Every structure is written in C-alpha cells, then in structure tokens.
Amino acid sequence: MKNNPKLPLIPVFASIIAYVSLGYFVPREHFVALFSFFSIAFFSFIFLYTNDSFSERKLFILGIVFRVLFLFCLPFWSQDFYRFIWDGNLVVNGINPYLLTPNELINSIQIPNVQELYTNMGSLSASHYSNYPPVNQLFFAATCFFSFGSIAVSVLIFKLFIIFSDVGIYYFGRKILVSLNQNPKKIFLYFLNPLIIIELSGNLHFEGVMLFFFVLGLYLFIIEKWLFAAVFIAFSIATKLLPLLLLPFFYQRLGFKKSVAFYTVTIAVLGATFLPFVAPALISNYYETIGLWFTNFEFNASIYYLFRKVGFYFTGYNIIGIIGKISPVVMLVIVLLFALVRKNISYVSFFENTLLALSLYFFISTTMHPWYVVNLVFLSLFSRFKFPIIWSYFVVLSYFAYSQIPFKENYIILILEYSIVFCVLFFEIFKSDKAGFPTDL
C-alpha cells in the first residue's frame, strides 16, 4: 500500500460516492442500494483507518469532508427532524411542547410550514407529547428562531450543531485516550465510522450533541474537575436521558462525600433545565411519553423478541405490556451490579463496565434503533471490546423492514445481525483480550 500512492485514494473517492448516494439519492426503502453503499463506506473506513499512508491530520480532514457532504440534503432515513422543527416553533411561540400533542394543536397553531411538519412527522409522533428533554428543546428553538421559517435552513443549522459536537467529541475523546495512555488514533474508530457520520450528520439524531456533553464531562471528571463534570453530564442527560443509566458508575471513583456533592450538582442542574417548562401536567405527560418506549414500541430487538415469542406461546397475545414494566427494574439491577458490585476504580474497568451495562440495556430493550449504537462505539474506544464496531456495520440490516410494504421486520436478518454481534462479544469476553480488532488499534 505504501508503494502505490494512488491506492489510498480509491477508498476516499469510494467513500465520497457512497456518502453522496446515501445522502441525496437512496431512501431507506431501497434497502439493497442502501446496504451496498453503506458497505462501501464501511470497508473504505476500515482501509483508511488501518492504512499507514494517512496521518491523523489527514484522517481528521476526511472526517470533516464526509460530514460536510451531508450539509444540503434532507434526511432520507429519518423523519424525526420534522418533530424537532415543530417543537422548536412551539418553544419560540411560548407554547410548552410537553403539554399538547400535535394532534391537539394542528387546527389552532400558526407556525411556518405547519401542515408539512404535521404530515411528515408521522401519525405516531403527532399523537404523543414531546419526549425530547429541555436542552434538546433549546437547540430546536434556537434553530427555528434563526431559520426564517425554512425547513431547509433549519436542517442546515441542525447539521452544523451536530458536526461541531462531533468535532468536540473528537477533541476531548482524543484527550481522554492520551490521558489514559492509549493510542490516540483510536478516536477515528468513532470519527470516521460511517454509522456515526450518516446517523448523526446525515439523519440528524442528537445523540451526537448528548455525547459531546457527556464526553466533555468525562474529560473534566478524569482531570478531577468533577463538579464542572457534573454540570456537563447534567446537560447531557437534559439532551437525551440515556446517560442517567451511567450515573451510578461515578460513585466508586468519588467515594461517599464527593458523590453527594457530585450527584447534588447533577440533579440541581438537570432540574434547572426543566424550570422553563414546569406545569402541573409536566411530570405525568412526560412519564407517559417515556413509558411508550417500554410498553408500545418494538424495533430491531434481540432478547426481548425471544421473550415475546415465549409469552405469545403461553398466553396467545403480545406480552410487551408485561415485559415493558419488568425490564426497567431488571435494567436498574444490572446497572447497580455493574456500577457498585464490580470494581470501577480504574478507568479501564470503568469504561468496560459502562459499555457492558449499556449493551445489556440495549439487548433487553424493545426498541433498538441503529443510532443507539453510536454510544457503544464511543465507549468501546477505551476498552478491550470491539464488538460495537462490528455492530455499527450489521445494525444497518435493520433498515430492511422499511423496504417492506407494509413495514415488516425479517427475523432471519435479525438473527444474522445479533448472532454475529453476540459471537464477537462472547469471543472477546471468554477467549482473548486480543480477539476481534487488535486492542492496540
């Protein structure tokens, strides 16, 4: 590869073609084309990462270029951004998005592109209160305030927020690797990963913004500025609720006294972000909306589908309502076991235990969207586990369901996805620390 200077350019151009195609020409309903172009992008990413011809500076520039390619396209794979714009317009107009559903507002609200937003967000979103936490709402509102009523401009601003967040993740993630005496190049397993680029910069999922706040909080925690860390971790939770699961993992490093202050600051800042939206019905409405993820929604699940099949055999109906009430309790027990019983004093064990606990949460969840894997990819950078990198490729198989009319998942494809992921995970756990990708990547 070193002897042929033209060879490294092939995956660069292949990546550009794949990203442009996926961003501008291939909707999620065209699964064969979608997975083909994604495969080109993914294997080009592996080549770029492992090829010595590319310095870290060049890899960083490529990561920026690949993201910029998505700046001027509307997301093909997700319609969530229509709800982002809807919520943002509500906040700009002084309307609490947690109190009224789009169905309740459609005949009385006057905001730009109201009918287009309402129709394209989908009936499921339109029938429920907003589930996006307050910091997310702030980004939505700021975007709508500066977009002049244009959906295209709103999308562009969203993408700029997410791209800058990814740059922040790169910067502070690399600093964490250096501070832990690990190879800083590993950050490109995140920064160049096609799933991250497409699902965040392309499809506008705010996991990137959430992760930026969390990574900044982690860095501040590692350099022992833990009260400042608590502030940014609270911002992370107020962007997406997922980091709530990881709060117990900080306890062992802090001890009891510091933990009291750390968690007090985190809860206080989180509570302060909700203050602008406080209303009598806030808690009940928000709890109802979040509960839907456990008791109503199903997509790309693994262990849950096995329990559902067994439950249907014995009861004759879908037992999601029962499982959805049990699984949060099970998850809480798992998190507490990993956070408080297993040792988390060293940062290696801290990251490995958070990675495994969060993975178990996703394995038992009723809904596992591809962009959720973004979180696992980042945590894996600091551990011996590389199964999330494998999963970041195979999780895209779940988009096959959108190619079916009506929407229908293919269980053979799901078995293929999770069989590979579980095999790699078990191999890494039981066989060798060097299994899968080399640990010195």
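First, a word on scope: everything that follows refers to the structure included in this document.

So, how was this worked out
- Residues numbered from 1 in each chain as written.
- Predicted model: local features only at pLDDT ≥ 70, side-chain atom pairs only at ≥ 80, totals over all residues.
- Heavy atoms only, no water.
- Helix = DSSP H or I, 4+ residues; strand = E, 2+ residues; numbered from the N terminus.
- Buried < 20%, exposed > 50% of the residue type's maximum accessible area, 1.4 Å probe, protein only.
- Patch = residues over 30% accessible without salt bridge, like charges linked within 9 Å, V, L, I, M, F, W, Y side chains within 5 Å.
- Areas by Shrake-Rupley, 256 points an atom, 1.4 Å probe, with all protein chains shown as cover.
- Salt bridge = Lys/Arg side-chain N within 4 Å of Asp/Glu carboxyl O.
- Axes fitted to C-alpha atoms, helices over the stretch in contact; angles between N-to-C directions.
- Parallel < 35°, antiparallel > 145°, perpendicular 65-115°, else oblique.
- Left-handed = near helix turned anticlockwise from the far one by under 90°.
- Contact = heavy atoms within 4.5 Å.
- Phe/Tyr/Trp six-rings, centres within 6.5 Å; stacked < 30°, edge-to-face > 60°.
- 1 Å grid on protein atoms, 1.4 Å probe; cavity = no way out; pocket = protein on both sides within 12 Å on 5 of 7 lines; lining within 4 Å.
- Points joined across faces, edges and corners; volume = space filled by probe spheres on them.
- Nonpolar A, V, L, I, M, F, W, Y, C, P; charged D, E, K, R; others polar.

**Focus: the side chain of E352**
Here is step 1 of the chain: When you line up the elements, E352 lands in helix 18 (residues 347–364).
Here is step 2 of the chain: Here E352 falls in the buried class, since its relative accessible area comes to 12%.

**Details of a nonpolar patch on the surface**
Here is step 1 of the chain: A cluster of nonpolar side chains, contributed by Y251, F256, V260, V329, L332, V333, L336, L337, L340 and V341, occupies part of the molecular surface with about 920 Å² of accessible area.
Here is step 2 of the chain: Those elements that place two or more of their residues in the nonpolar patch are helix 14 (251–274) and helix 17 (320–341).
Here is step 3 of the chain: The dominant element in the nonpolar patch, judged by the number of residues it contributes, is helix 17, at seven residues.
Here is step 4 of the chain: Here L336 lies in helix 17.
Here is step 5 of the chain: For L336, a relative accessible area of 34% puts it in the partly exposed group.

**A few points about the packing of helix 11 (residues 194–202) against helix 19 (residues 373–380)**
Here is step 1 of the chain: Two elements in contact, helix 11 and helix 19, have axes whose closest approach is 10 Å; the angle formed by their N-to-C orientations is 140°. On the basis of the axis angle, helix 11 is oblique to helix 19. As for the relative orientation of helix 11 and helix 19, their crossing is left-handed in sense. For the pair helix 11 and helix 19, contact is made by L195, I196 and L200 and by V373, V374 and V377, respectively.

**Digging into the packing of aromatic side chains**
Here is step 1 of the chain: Per the stated rule, a full pass over the model turns up 69 aromatic pairs.
Here is step 2 of the chain: Pairing F60 with F191 gives two aromatic rings, centres 5.4 Å apart and planes at 10°, and the pair type is stacked. Linking F60 in helix 3 (residues 56–68) with F191 in helix 10 (residues 188–191), this pair joins segments that are 131 residues apart in sequence.
Here is step 3 of the chain: A relative accessible area of 23% places F60 in the partly exposed class.

**Re empty space enclosed by the protein**
Here is step 1 of the chain: With the rule as written, the count across this model stands at three cavities of 30 Å³ or more.
Here is step 2 of the chain: Taken as a whole, the largest cavity holds about 70 Å³ of empty space.
Here is step 3 of the chain: Surrounding the largest cavity, M210, L211, F214, L242, P243, L246, L358, N375 and L379 form its lining.
Here is step 4 of the chain: For the lining of the largest cavity, the element with the most residues is helix 12 (residues 207–222), which contributes three residues.
Here is step 5 of the chain: Of the residues that constitute the lining of the largest cavity, the class distribution is eight nonpolar, one polar and no charged.
Here is step 6 of the chain: Its boundaries defined by the atoms lining it, the second largest cavity holds a volume of some 40 Å³.
Here is step 7 of the chain: In terms of lining, the second largest cavity is formed by L22, G23, F70, C73, L74, P75, F76, W77, I198, G202 and N203.
Here is step 8 of the chain: Of all elements in the fold, only helix 1 (9–24) and helix 11 reach the threshold of two or more residues within the lining of the second largest cavity.
Here is step 9 of the chain: Its residues placed into classes, the lining of the second largest cavity shows eight nonpolar, three polar and no charged.

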